[in-house]
Amino acid sequence: MDIIKSIKNLLLFIPALTLLLLGSCKHEDLQITKENENFRLATDFIKNNYELTLFSAALEKSGMAEQLRGKGPFTLLVPNNTAFNEIGIHTAADFNKMNTDSLKELVKRHILDQRLLFNDVPVNGVDIRYHTLAGTEVYASLASYSPNNNGYPANYLYFNGSSVTRNNVTVANGVIHVLNKVMKYTPASTVQSWLAKSPQYSIFVSGLKKFGLWDKLSGTGPFTVFAPQNKIFEASNITAASIAGMDTAAYVGERLFGSYILNNKHFFISDFNVFSIINLESGYTKQLNNDTWYMTIGSVRDYYTAALTYSVSLRTAFDYPYDSYPGASGLLPALTDNLTDNGLVHDIQGLLLLPQQALKH
């Protein structure tokens, strides 16, 4: 019994001894791990990551690397090397062909002046705007559904139509999200001026001018335009000269060329994929201006590459049965999502209608 009593007294004494020892310690001797002290700076992480070496070179060439060694916080939207390859940048030396100021602005448009984690973006939000170091805004969309085909939740995050392939990489002065595409924006431009400076779309521009659709593209908008290149028209024996010779009174112009324009809409290709997830609809459908016909747009995300395949088609009626034309589609991430101040231009790999299909009866 004496042994049991002694043990009880010892157990009672230990807490008191612990409090005495803690009370004798000075507060300044206690060390608390500082937030992110074990993480590398954003520039160091990017430089040492094999798939991000081209963005690292862009940081150095543009003079932005030093600023990103600062406290921040920053959110870096970093295109991977494959994304740069798609726009013709294959080595660090290729940046020497670019104007340094233009490259700096491109880099700054990929950096937010805040720390934005994946979970900070509203779920099923579309085109939520965030401020960049360039003074511009990027549009974030996050589509979420559960479960997917494998029984797991799926979350797809996009910035300006570029898919996030790796998110929430924590660095000492912020966070990094890796993109599969370089975000494209032409400052102080309109859809009209962007097309005017792109000679590969000159036949398309001729058609817009011929049928009175050109002037509005310099207006407030927004507009979303699907533009076929000259080679697409020429494959169907359509040239600027043949368009010039058309009798506009014989055609439904809003159908023949107006069908390539979404008025008062600001859509990245990824938005259509987001809509299909959050609204459980296969695509976006809109009636053409002053017409009984409809335009349908859809996009599907590749599970492995995160690339988006999109399609655009016309139909004669909203409900079945209807006559549908083949339309056009594309898997061209480098040629889509060309952002201007009043809308976007997407490359389209086909014609929605031939002239004879838009004749008035």
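This is a predicted model, so every value here is computed, not measured.

J.: Mind showing me how you'd approach the overall build of the chain here?
T.: If you tally the helices and strands in the chain, you get 11 helices and 16 strands. Evaluated residue by residue, the chain yields a buried proportion of 48% over its 361 residues. Considering only intrachain contacts with a sequence separation of at least 6, the fraction spanning at least 24 residues in the chain is 65%. A total accessible area of about 18,500 Å² is found for the chain, and carbon and sulfur atoms account for 52% of it.

J.: Quick question: what am I supposed to make of the packing of aromatic side chains here?
T.: How two aromatic rings sit relative to each other is set out by the distance from centre to centre and by the angle between their planes. Under the counting rule described, the total for this entry stands at 14 aromatic pairs. Aromatic side chains phenylalanine 267 and phenylalanine 275 sit 5.5 Å apart centroid to centroid with 80° between the ring planes, which places their arrangement in the edge-to-face category. In this structure, phenylalanine 267 and phenylalanine 275 share a single accessibility class: buried. Site record: aromatic cluster; members linked through ring pairs are Phe204, Phe211, Phe233, Tyr251, Phe257 and Tyr260. The side chain of arginine 255 reaches across the aromatic face of tryptophan 293, ending 4.1 Å from its centre.

J.: Is there a simple way to think about the packing of helix H3 (residues 53–62) against helix H5 (residues 100–108) in this case?
T.: Here H3 crosses H5 at 125°, and the two axes come no closer than 9 Å. When the axis of H3 is compared with that of H5, the two are oblique. For H3 against H5, the interelement crossing comes out left-handed. Counting all contacts with H3, which are made through Phe55, Ala58, Leu59, Lys61 and Ser62, the residues of H5 involved are Thr100, Leu103, Lys104 and Val107. Class assignment of the residues belonging to the contact of H3 with H5 gives a composition of five nonpolar, two polar and two charged.

J.: Looking at this model, I keep getting lost on the environment of phenylalanine 268. Mind explaining?
T.: Its place among the elements puts phenylalanine 268 in the loop between strand S10 (261–263) and helix H11 (269–278). Through-space distance from the C-alpha of phenylalanine 268 to that of leucine 344 is 7.3 Å; in sequence the pair is 76 residues apart. Setting aside its immediate chain neighbours within four residues, phenylalanine 268 contacts Asp127, Tyr139, Asn160, Gly161, Asp337, Leu339, Leu344 and His346.

J.: What am I meant to see in H3 here?
T.: Each α-helix winds once per 3.6 residues, and so residues spaced three or four apart point in a common direction. Most of H3 is tucked away: seven of the 10 residues are buried. Of the residues making up H3, those classed as buried are Leu54, Phe55, Ser56, Ala57, Ala58, Leu59 and Ser62. Contacts made by the buried residues of H3 are with helix H2 (42–47), strand S1 (74–79), helix H4 (81–86) and H5. Immediately beyond the C-terminal end of H3, within one or two residues, lies glycine 63, with a positive phi of roughly 85°.

J.: Hey, could you run me through the pairing of strand S12 (residues 294–301) in this one?
T.: It is a general feature of regular strands that their side chains alternate between the two faces of the sheet. Counted residue by residue, S12 has seven buried out of eight residues, so it is predominantly covered. The pairing of strand S11 (residues 284–287) with S12 spans four bridges and is antiparallel. Its bridge partner being in S12, glutamine 287 is matched across the sheet by tyrosine 294. In this structure, the hairpin formed by S11 and S12 is closed by a connection of six residues, where asparagine 290 is found at a positive phi of approximately 55°. Inspection of the sheet shows S12 paired to strand S13 (residues 308–315) by eight bridges, in the antiparallel sense. Opposite isoleucine 297, over in S13, you have valine 312 as the bridge partner.

J.: Explanation requested: the nonpolar core in the structure shown.
T.: Side chains that are nonpolar tend, in soluble globular proteins, to be buried together. Counting residues in each nonpolar core, the largest one holds 51 residues, and the members touching the most others are Leu195, Phe204, Leu208, Leu217, Phe226 and Phe257. If one sorts the elements of this core by residue count, H11 sits on top with five residues. Ignoring anything within four residues of it in the chain, the contact list for leucine 217 reads Thr190, Val191, Gln192, Leu195, Leu208, Phe223, Val225, Ile261 and Asn342. Counting residues in hydrophobic clusters, the runner-up holds 28 residues, among them Leu52, Met64, Ile89 and Leu106.

J.: In this structure, what is going on with the pattern of salt bridges? I would like to understand it.
T.: Here the idea is simple: oppositely charged side chains can pair when their charged atoms come close. Within this structure, the stated rule accounts for seven salt bridges. For glutamate 137, the salt bridge is made with arginine 129, and the minimal N-O distance between the two is 3.3 Å. The network of salt bridges with common partners includes Glu60, Glu66 and Arg69.

What counts and how
Residues numbered from 1 in each chain as written. Predicted model: local features only at pLDDT ≥ 70, side-chain atom pairs only at ≥ 80, totals over all residues. Heavy atoms only, no water. Helix = DSSP H or I, 4+ residues; strand = E, 2+ residues; numbered from the N terminus. Buried < 20%, exposed > 50% of the residue type's maximum accessible area, 1.4 Å probe, protein only. Contact = heavy atoms within 4.5 Å. Areas by Shrake-Rupley, 256 points an atom, 1.4 Å probe, with all protein chains shown as cover. Phe/Tyr/Trp six-rings, centres within 6.5 Å; stacked < 30°, edge-to-face > 60°. Lys NZ or Arg CZ within 6 Å of the ring centre and 35° of its normal. Axes fitted to C-alpha atoms, helices over the stretch in contact; angles between N-to-C directions. Parallel < 35°, antiparallel > 145°, perpendicular 65-115°, else oblique. Left-handed = near helix turned anticlockwise from the far one by under 90°. Nonpolar A, V, L, I, M, F, W, Y, C, P; charged D, E, K, R; others polar. Pairing = 2+ DSSP bridges. Core = buried A, V, L, I, M, F, W, Y, C linked by side-chain atoms within 4.5 Å. Salt bridge = Lys/Arg side-chain N within 4 Å of Asp/Glu carboxyl O.

Without other data, these values stay purely geometric and don't point to any function.
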